[in-house]
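Summary of structural features
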Amino acid sequence: MVTRDATHLSGGLPADGGDSGSPVEPPFRQGRLGRAVAFLRNTWRQLTSMRTALVLLFLLALASLPGALLPQWSLNTSKTAQYIVDHGSWGLLLNRLGFFQVFGSPWYAAIYLLLFASLIGCLLPRTWDFVGQIRMKPVNTPRNLARLPHHASVGAVGSLDAIADRTTAGLRHWRFERRTETGGVITISAEKGFLREVGNLVFHFSLLGLLVAIAIGKLFGFEGSLIINAGDGAGSAFCSVSPVAYDNFRPGLLVDGTDLDPFCVDVDKFKASYTETGQASSFVAAIRYQSGAQLNSDNWSSTNLEVNDPLRIQGQRLYLLGHGYSPVFTVTYPGGQTQTGTAPFQPQDANFTSQGTVKFTDPPGYVGAQVRTHQLAIVGLFAPSAMIHGGIMTSTFPAAQTPGVAVQVYRGNLGMETGAAQSIFDIDTDQVANGQLVKLNRANLAPGESMTLDDGTRIAFTGYKEWVSLQTSYDPAQGWALVFAVSLLVGLMSSLIIKRRRVWFRIGIDQSAAQRAGAAADPRPVGGDGRVSGLTRTVASEDRVQVEVGGLARTDQAGYGDEFSKLVALVHDGTPS
Amino acid sequence: MMVNDQLGDISYLGFQAALAGYIAALVCFGIEFASSRGSTPTAAEAVSLRLRAESRSRTAVIDRKVGAVDEPDARIGQIAKPQRAVRPPMGALFGRAGLIVLTIGFAAQLFSIVTRGMAAGRAPWGNMYEFTSMLCAAAVAGSLVVLYRTRSDSLGFFVMIPVVILMFVGGTKLYVQVESLVPALHSYWLLIHVLAVSLSTGVLMVAGVASVMYLLRARYERRLLAEKAWAGESGSELVPAADTGSHGFTPQSSVAATSRLASLPSLAALDRVAYRATIVAFPVYTFAVIAGAMWAEVAWGRYWGWDPKETCAFVSWVIYAAYLHARATAGWRGSKAAWISVLGFVSVLFNLFVINLVVSGLHSYAGLN
């Protein structure tokens with residue numbers, strides 16, 4: 001406890017008695033409990049000091065930086081994994097220390113929890129002080145107003161009471177107190193700008209509220225994503241009855257997926273428009289959906305889903321996040337049976353050169369172990385506007401003008417029964433390595449073209465479909481987060497714009513003027529006319545009033561000058577000029 | 001939406017005119033700054049002038065008086081030369097010229113921004129070139145307010161350095177032809193969010209520059225004090241300068257007379273400019289972050305997701321919050337607070353350039369691919 005913050009603890013005695021005791025006295029020994037209490041109290045004071053809060057703010061900023069500069073698991077899994085692989089033991093160490101999951105790491109939580117503890121420890125006494133200040137009357141007028149940063153001394157004519165009434169009438173929206181000092185001198189103390197502290201408190205409490213709202217969202221919210229082919233017909237509708245229905249589901253910590261408020265959605269049509277240069281100009285997905293009472297009926301609502309325009313259903317939001325192509329292949333087996341397969345391909349560039357795999361896992365006409373030797377995988381590229389250059393197919397335009405595929409066919413055991421998760425965009429290369437999956441033909445196909453495998457199986461590229469990726473989001477507290485964000489902003493603005501300021505008036509008979517006037521009037525009448533001197537004497541003795549005005553701005557003196565001169569003018573005309 | 005390339009070219013002409021005006025203003029303010037010793041001081045500069053006057057030999061002051069007495073007002077038989085009109089010194093003329101070309105350049109930039117918006121048929125802040133232009137316009141507007149209010153032209157010089165650099169980079173490296181926007185940016189939130197970000201960033205730049213000047217001035221005053229103390233110890237200050245007559249080495253004059261920093265506004269004035277600019281910009285910046293979160297809720301499915309841009313915006317926000325707290329904390333006022341303000345501005349610039357161009361994230365709309 002060597003350092004102590006002056007703003008917060010000014011005037012406070014050293015907690016342990018300090019060095020005030022003389023060396024002769026036996027040192028005062030606290031009991032074990034007393035020492036523990038003192039330690040806790042000191043720790044608490046240290047934590048709630050502004051100095052500590054500042055250090056914690058810096059730590060917070062510093063600790064956030066790796067979250068922006070290093071890949072994060074929550075944002076991009078594959079990139080993070082690649083980064084760790086690329087950086088060897090450093091990558092592993094950083095991963096263990098949570099640098100790839102900064103905002104979920106214990107040290108980050110420690111910083112912001114300490115910061116908020118410090119905030120609460122600062123806010124509570126401040127709120128209490130503030131309540132006390134509101135109840136207090138404006139402070140007494142200082143004896144010497146000339147020593148204040150703003151000071152004026154003006155003469156006025158009239159009775160003391162009239163001037164005081166005039167002045168207080170002009171002090172609208174000020175809290176003021178009128179007092180009478182000895183000798184009939186009237187003082188007015190006025191203060192304004194309490195909203196500054198209100199704004200300050202509102203701002204900081206809003207921060208707390210925001211933290212709670214975010215936490216509730218993380219506990220009870222969820223996100224799910226799915227891919228639907230457009231125009232697949234009614235049977236392909238997605239229904240969010242359980243997390244399994246989603247391709248990817250990220251539940252909040254207290255979400256078990258049993259109570260999802262289900263809705264169904266189907267994409268009828270997807271339309272992407274492009275400029276001549278290939279830049280996208282709009283994405284529209286025409287969808288049908290049903291929710292609540294509509295479920296289990298044939299009653300569907302239609303709407304268009306666009307980027308920046310989500311569909312809001314029962315507190316859940318449905319977003320159009322991405323799109324791509326799904327090439328369609330028709331396989332004609334040697335036995336004459338045909339099978340049609342399609343799968344979403346993953347876009348690789350801005351012109352939608354896409355990569356993926358169509359898997360045929362149950363070839364018709366085969367039974368038992370034969371199935372696992374005749375599974376097919378068509379692996380390769382789809383290009384909506386195909387161009388082959390140097391044997392490599394790329395797309396030259398994002399819209400499907402001259403679609404084509406460049407594919408490699410595999411036959412054998414796809415390894416679907418191993419239990420390991422498989423990418424929908426790729427095959428299990430281990431199966432190729434161990435010889436269970438055999439590499440066969442390779443071909444570039446335009447729609448309608450086909451290739452024939454060694455056993456007579458014919459694979460035709462019959463066309464394509466467009467897929468859209470949708471996301472469902474649910475956050476029960478986001479409305480509250482907005483409320484707190486708005487109150488935070490309002491509080492911040494009033495705490496920065498409003499200034500706390502005080503003004504004091506001391507209204508009294510001008511003694512020196514009275515003496516001067518008396519001295520001037522008595523020996524020789526001015527201009528030889530007794531009436532004039534008599535008038536002078538009357539004014540001097542009864543109505544010549546001296547008003548001392550002092551002003552003090554609590555936070556920022558600059559800018560108070562103008563207002564202060566207006567306040568001084570109140571003495572004369574009683575209205576703010 | 002159709003874009004109008006011809007109008008886009010006219011807009012770019014306006015941008016180049018603005019850049020030319022800013023460069024001219026930079027040069028004018030630079031000349032004024034370099035020659036500012038002896039010019040009519042602003043109230044704020046009077047402090048440093050007085051310090052310099054103290055350091056000069058006393059004869060200079062006496063000379064002036066003697067000269068005034070000897071001045072032959074009008075002798076009999078001699079035609080009194082008409083009194084030459086009092087002409088402001090060279091430096092002040094350049095300062096005034098700088099203010100004028102700066103104002104003209106600002107008008108050209110406003111013209112450029114408006115025509116760019118008309119050419120594109122949308123809010124003219126949809127890519128990094130346009131954003132940089134808006135940012136510089138806001139910074140220039142902020143510094144014009146400060147300049148017209150306080151007449152401390154040295155601030156103009158220091159603000160124009162980053163403005164000219166940013167304008168140059170924006171007009172060359174970041175420049176792209178007028179184009180329509182990707183669907184992700186088709187939202188009225190673009191109007192609100194990016195406008196608030198660019199304006200607040202521009203004003204924060206003025207605050208950052210004022211803080212840099214504060215630090216320079218504080219360093220200068222520390223050296224001044226140190227040399228004064230040293231001079232006091234060695235006793236040279238006690239010897240009447242009039243007796244020596246020679247322009248011997250006087251320690252404080254080595255700093256006060258040679259340092260251009262003597263003409264900077266006072267510490268209090270610089271601190272006030274930085275603080276005022278920050279309390280104007282910080283709520284706007286806060287609003288911009290909130291508006292960004294509301295847009296993210298509409299566009300990306302969550303209002304906050306620790307995207308690199310979001311994270312860095314949060315970092316900047318925290319730093320500026322620390323600045324405001326530091327200014328109200330004993331032991332943190334002055335230079336420490338100024339350092340925090342500078343750090344805040346560095347983080348804002350980092351967020352603008354490094355995060356947009358180097359780190360990939362959801363905000364990668366620079367249009368430079």
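Residues numbered from 1 in each chain as written. Chains lettered and ligands numbered in written order. Predicted model: local features only at pLDDT ≥ 70, side-chain atom pairs only at ≥ 80, totals over all residues. Heavy atoms only, no water.

**Here we look at the overall build of chain B**
Under the convention used in this document: Numbering goes from the N terminus for both helices and strands, where a helix is a DSSP run of H or I of at least four residues and a strand is a run of E of at least two. Between buried and exposed lies partly exposed: a residue is buried under 20% and exposed over 50% of the maximum accessible area for its type, with that area taken using a 1.4 Å probe on protein chains only. Should any heavy atoms of two residues lie within 4.5 Å, those residues are counted as being in contact. Under the convention used here, a 1.4 Å probe and the Shrake-Rupley method define accessible areas, while residue burial counts only the protein chains that appear.
When you go through chain B residue by residue, the secondary structure sums to 12 helices and 0 strands. Ordered by position from N to C terminus, the α and β elements of chain B give α-α-α-α-α-α-α-α-α-α-α-α. Across the 369 residues in chain B, those meeting the buried criterion constitute 54%. Sequence separation of 24 or more characterises 85% of the internal contacts of chain B that already satisfy a separation of 6 or more. Here chain B has roughly 17,100 Å² of accessible surface; of this, 67% comes from carbon and sulfur atoms.

**Overview of a nonpolar patch on the surface**
Residue and element names in this part refer to chain A. For clarity, the cut-off: A patch is a set of surface residues, each over 30% in relative accessible area and not in a salt bridge, joined within 9 Å for like charges and within 5 Å for the nonpolar side chains Val, Leu, Ile, Met, Phe, Trp and Tyr. A pairing counts as a salt bridge when a side-chain nitrogen of Lys or Arg comes within 4 Å of a carboxyl oxygen of Asp or Glu.
Taken together, the side chains of V212, I216, F220, L253 and L254 define a hydrophobic patch exposed on the protein surface, amounting to about 490 Å² of accessible area. Turning to its location among the elements, V212 is positioned in helix α8 (residues 194-220). Look at V212 and you get partly exposed, because its relative accessible area is 47%.

**Examining the side chain of Q471(A)**
Heads up, the condition is: Two N or O atoms form a polar contact when they lie within 3.5 Å of each other; inside protein one atom must be a possible hydrogen donor and the other a possible acceptor, and for residues adjacent in sequence the pair counts only when both atoms belong to side chains.
Take Q471(A): it is sitting in strand β21 (residues 458-474). In terms of polar contacts, Q471(A) uses its side chain to reach the side chain of S473(A), at 3.0 Å.

**Examining the sheet that holds strand β22 (residues 501-509) of chain A**
All names here are of chain A. Note the threshold: Think of it this way: DSSP has to see at least two bridges between two strands before they count as a pair. Axis definition: a line fitted to C-alpha atoms, over the contacting stretch in the case of helices. Angles run 0 to 180 degrees between N-to-C directions.
An order of β1-β23-β22-β3-β2 is seen for the 5 strands of this open sheet, with the pairing classed as antiparallel. In this open sheet, the two strands that pair with only one neighbour each are β1 (150-157) and β2 (175-180). Averaged over neighbouring strand pairs, the angle between their axes works out to 15° when direction is ignored. Pairing of β2 with strand β3 (residues 186-192), which is carried by 6 bridges, proceeds in the antiparallel orientation. From the neighbouring strand, F176 faces β3, where its bridge partner is A190.

**Focus on the interface of chain B and chain A**
Quoted interface sizes are often the accessible area lost when the parts come together. As a reminder, the rule being used: Gly counts as polar in this scheme, as do all residues outside two lists: the nonpolar Ala, Val, Leu, Ile, Met, Phe, Trp, Tyr, Cys and Pro, and the charged Asp, Glu, Lys and Arg.
In this complex, chain B contributes 51 residues to the contact, which on the side of chain A involves 55 residues. Taken together, chain B and chain A are joined by 2 salt bridges. As a salt-bridge pair, E297(B) and R312(A) come within 3.0 Å of each other at their nearest N and O atoms. Of all the secondary structure elements, the ones that give two or more residues to the side of chain B that touches chain A are α10 (267-299), α11 (308-326) and α12 (335-357) of chain B. Looking at which element gives the most residues to the side of chain B that touches chain A, the answer is α10(B), with 14 residues. Its residues assigned to classes, the side of chain B that touches chain A comprises 36 nonpolar, 10 polar and 5 charged.

**A short note on unusual backbone geometry**
Residue and element names in this part refer to chain A. A positive phi is found at N296, a non-glycine position, where the angle reads about 60°. Within the fold, N296 resides in the loop between β8 (280-291) and β9 (301-306). At F352, a residue that is not glycine, the phi angle is positive and equals roughly 65°. Relative to the helices and strands, F352 is located in the loop between β13 (346-347) and β14 (354-360).

**Section: the side chain of Q316(A)**
Residue and element names in this part refer to chain A. Mapped onto the elements of the fold, Q316 is located in strand β11 (residues 316-332). Accessibility expressed as a relative area gives 2% for Q316, which makes it buried. At a separation of 2.9 Å, a polar atom in the side chain of Q316 contacts the main-chain carbonyl oxygen of D261. Setting aside its immediate chain neighbours within four residues, Q316 contacts F222, Y246, L260, D261, F263, L311, T472, S473 and Y474.

**A look at the confidence of the model for chain B**
Residues and elements named next belong to chain B. Our working definition: pLDDT measures how confident the predictor is about each residue, on a scale from 0 to 100.
Mean pLDDT over chain B: 81, with 76% of residues reaching 70 or higher. Across residues 57-74 the pLDDT falls below 50, and counting only partners more than four positions away or on other chains, this stretch makes 6 contacts in the model. Low pLDDT, under 50, characterises residues 236-252; the predicted model gives this stretch 20 contacts beyond four residues in sequence or across chains. Interface confidence in the predicted complex, given as ipTM, is 0.82; pTM for the same model is 0.82.

**Digging into the pairing of β11(A)**
Residues and elements named next belong to chain A. For β11, a buried count of 15 out of 17 residues is recorded, marking the element as mostly surrounded by other parts of the structure. Bridging between strand β10 (residues 311-313) and β11 involves 3 bridges; their strand directions are antiparallel. Among the inter-strand pairings, L311 is bridged to a residue of β11, identified as L318. Hairpin connection from β10 to β11: 2 residues lie between these consecutive antiparallel strands, with Q314 at a positive phi of about 45°. Pairing analysis gives 16 bridges linking β11 to β21, with the strands arranged antiparallel. Within the sheet, the bridge partner assigned to H323 lies in β21 and is V468.

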